[in-house]
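A closer look at the structure
Here is what each chain is made of, one letter per residue.
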Amino acid sequence: MHALKDKVSQKLSNLFADSPSQSASPRHSLTDSPKASGKSFTSYFSFGARNENEDTESESPPPPPPPIRTDSYESVENCKKNQASSTTVGNDDYEGEMKELTESSAFISPDLCEFLHACLPNIVRGCKWVLVYSTLKHGISLRTLLRKSAELPGPCLLVAGDKQGAVFGAMLECPLTTTPKRKYQACLLLGTSQTFLFTTIYGQPRIFRPTGANRYYYMCMNEFLAFGGGGSFALCLDEDLLKATSGPSETFGNECLASSAEFELKNVELWGFAHASQYLSS
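Residues numbered from 1 in each chain as written. Predicted model: local features only at pLDDT ≥ 70, side-chain atom pairs only at ≥ 80, totals over all residues. Heavy atoms only, no water.

1. Brief notes about the pattern of salt bridges
All told, the structure shown has three salt bridges when counted by the stated rule. Taking the shortest distance from any N to any O, the salt bridge between E103 and K137 comes out at 3.2 Å. Placement of E103 in the loop between α5 (94-98) and α6 (110-119) and of K137 in helix α7 (residues 135-138) is noted, with a sequence separation of 34 residues between them. Overall, E103 belongs to the partly exposed group, its relative accessible area being 30%. A salt bridge links E151 to K148; the shortest N-O distance between them is 3.0 Å. (Salt bridge = Lys/Arg side-chain N within 4 Å of Asp/Glu carboxyl O. Helix = DSSP H or I, 4+ residues; strand = E, 2+ residues; numbered from the N terminus. Buried < 20%, exposed > 50% of the residue type's maximum accessible area, 1.4 Å probe, protein only.)

2. Some points on the pairing of strand β3 (residues 154-162)
With nine of its nine residues buried, β3 lies for the most part within the structure. Sheet topology places β3 next to strand β4 (residues 167-174); eight bridges connect them, and they run antiparallel. Residue pairing in the sheet places G154 in a bridge with C174 of β4. In this antiparallel pair of consecutive strands, β3 and β4, the connection spans four residues, and G165 shows a positive phi of 105 degrees. Both β3 and strand β11 (residues 262-274) contribute to a ladder of seven bridges, which runs antiparallel. Along β11, the bridge assignment pairs L157 with W271. (Pairing = 2+ DSSP bridges.)

3. Examining the nonpolar core
Formed by 37 residues in total, the largest nonpolar core has its most connected members in L145, L158, F168, L176, F227, L265 and L270. The set of elements that each furnish at least two residues to this core consists of β2 (128-134), α8 (142-148), β3, β4, β7 (218-220), β8 (224-227), β9 (235-238) and β11. (Core = buried A, V, L, I, M, F, W, Y, C linked by side-chain atoms within 4.5 Å.)

4. Focus on unusual backbone geometry
Trans is the common state for peptide bonds, and a negative phi is the common state for residues other than glycine. Backbone torsion omega between C174 and P175 reads 5 degrees, so that peptide bond is classified as cis. Among the secondary structure elements, P175 is positioned in the loop between β4 and β5 (196-199). With phi around 55 degrees, L241 is a residue other than glycine that occupies positive phi space. Along the chain, L241 falls in the loop between β9 and β10 (243-245). L241 gets classed as buried once you look at its relative accessible area, which sits at 3%.

5. Comments concerning the side chain of N214
Tracing the backbone through its elements, the reader meets N214 in the loop between β6 (206-208) and β7. Reaching out from N214, the side chain makes a polar contact with the side chain of T251 at a distance of 2.5 Å. (Polar contact = N/O pair within 3.5 Å; in protein donor to acceptor, adjacent residues only side chain to side chain.)

6. As for the environment of S260
By the element assignment, S260 lies in the loop between β10 and β11. Judged by relative accessible area, S260 falls into the partly exposed class, the value being 30%. Side-chain polar atoms of S260 contact the backbone oxygen of E262, separated by 2.7 Å.

7. What to know about the confidence of the model for the protein
A residue-level look at the protein finds 62% of positions with pLDDT of 70 or above and a mean pLDDT of 76. Under a pLDDT of 50 for its full length, residues 19-67 has, in the predicted model, eight contacts with residues more than four places off or in other chains. For residues 83-95, every residue scores under 50 in pLDDT, and the model assigns this stretch 18 contacts once sequence neighbours within four places are set aside. (pLDDT = per-residue confidence, 0-100. Contact = heavy atoms within 4.5 Å.)

8. Regarding the environment of L257
Counting through the fold element by element, L257 comes out in the loop between β10 and β11. Residues L257 and G161, spaced 96 residues apart in sequence, show a C-alpha to C-alpha distance of 9.7 Å.

9. Observations concerning the packing of aromatic side chains
What describes a pair of aromatic rings is the distance from one ring centre to the other and the angle between the planes of the rings. Within the structure shown, the criterion is met by four aromatic pairs. Aromatic side chains W129 and F273 sit 5.6 Å apart centroid to centroid with 75 degrees between the ring planes, which places their arrangement in the edge-to-face category. Of the two residues, W129 sits in strand β2 while F273 sits in strand β11, which places them 144 residues apart along the sequence. Each of the two residues, W129 as well as F273, counts as buried. With a centroid separation of 5.4 Å and an interplanar angle of 75 degrees, the aromatic rings of F168 and F263 are classed as edge-to-face. Of the two residues, F168 sits in strand β4 while F263 sits in strand β11, which places them 95 residues apart along the sequence. Residue F168 shares its accessibility class with F263, and that shared class is buried. (Phe/Tyr/Trp six-rings, centres within 6.5 Å; stacked < 30°, edge-to-face > 60°.)

Here's what the structure looks like:
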């Protein structure tokens, strides 16, 4: 009996000696488990930090400020392209666009109307063109133009021409407010990107938008109305609306808009914009 008991005890001792120790269990070992997966223990802690860095680097840096434009001229093709990307108005049907004018114009031909229609800011597209002031209709006076500009607040289009056949003008805001001193005013409603000058002196219409060189957008006094600065006024009308000047300006990056630097005005028009329902109810 004792021999059998000793024999069983010996076999049990051998069995426990061959089994793996409890300390080698993966559940209790911090060093063996990473080795089995091919990673060091420290890599598990650095993985979380690496993800945080990746998230930070994935955030794109703020875009750089727009550069100053040295050539702000835009052709009719560019204006049409801009309009096609933002509106569905048919550019080919310029006869339909002429119907937007509530009265006839001394300067705006179908081709010029098509061009200006493509360059208008979105805020006035689809509106009726209302003749707010005309020297042929309301007399030759800058003060009358300033007073009439208050009748239809909002963006407006100044169109003028010289006696040699050039047509030019500016997109600006109304009502026009005079200042007692020579002080430039900003276009708050339109913003810089929507303000422009235009001319037909180059054979086909061109517009000039602000270059960003300065903020000399327009100056309005009882004695004159001027646009642009830095070098010379891009366009300046005197108080009688009989004579005007034009020259290169840094504000719009333009050259002379008229047939000569000093010239006599043939006519001046100021066009406002109103929705069809507003115009019919007025």
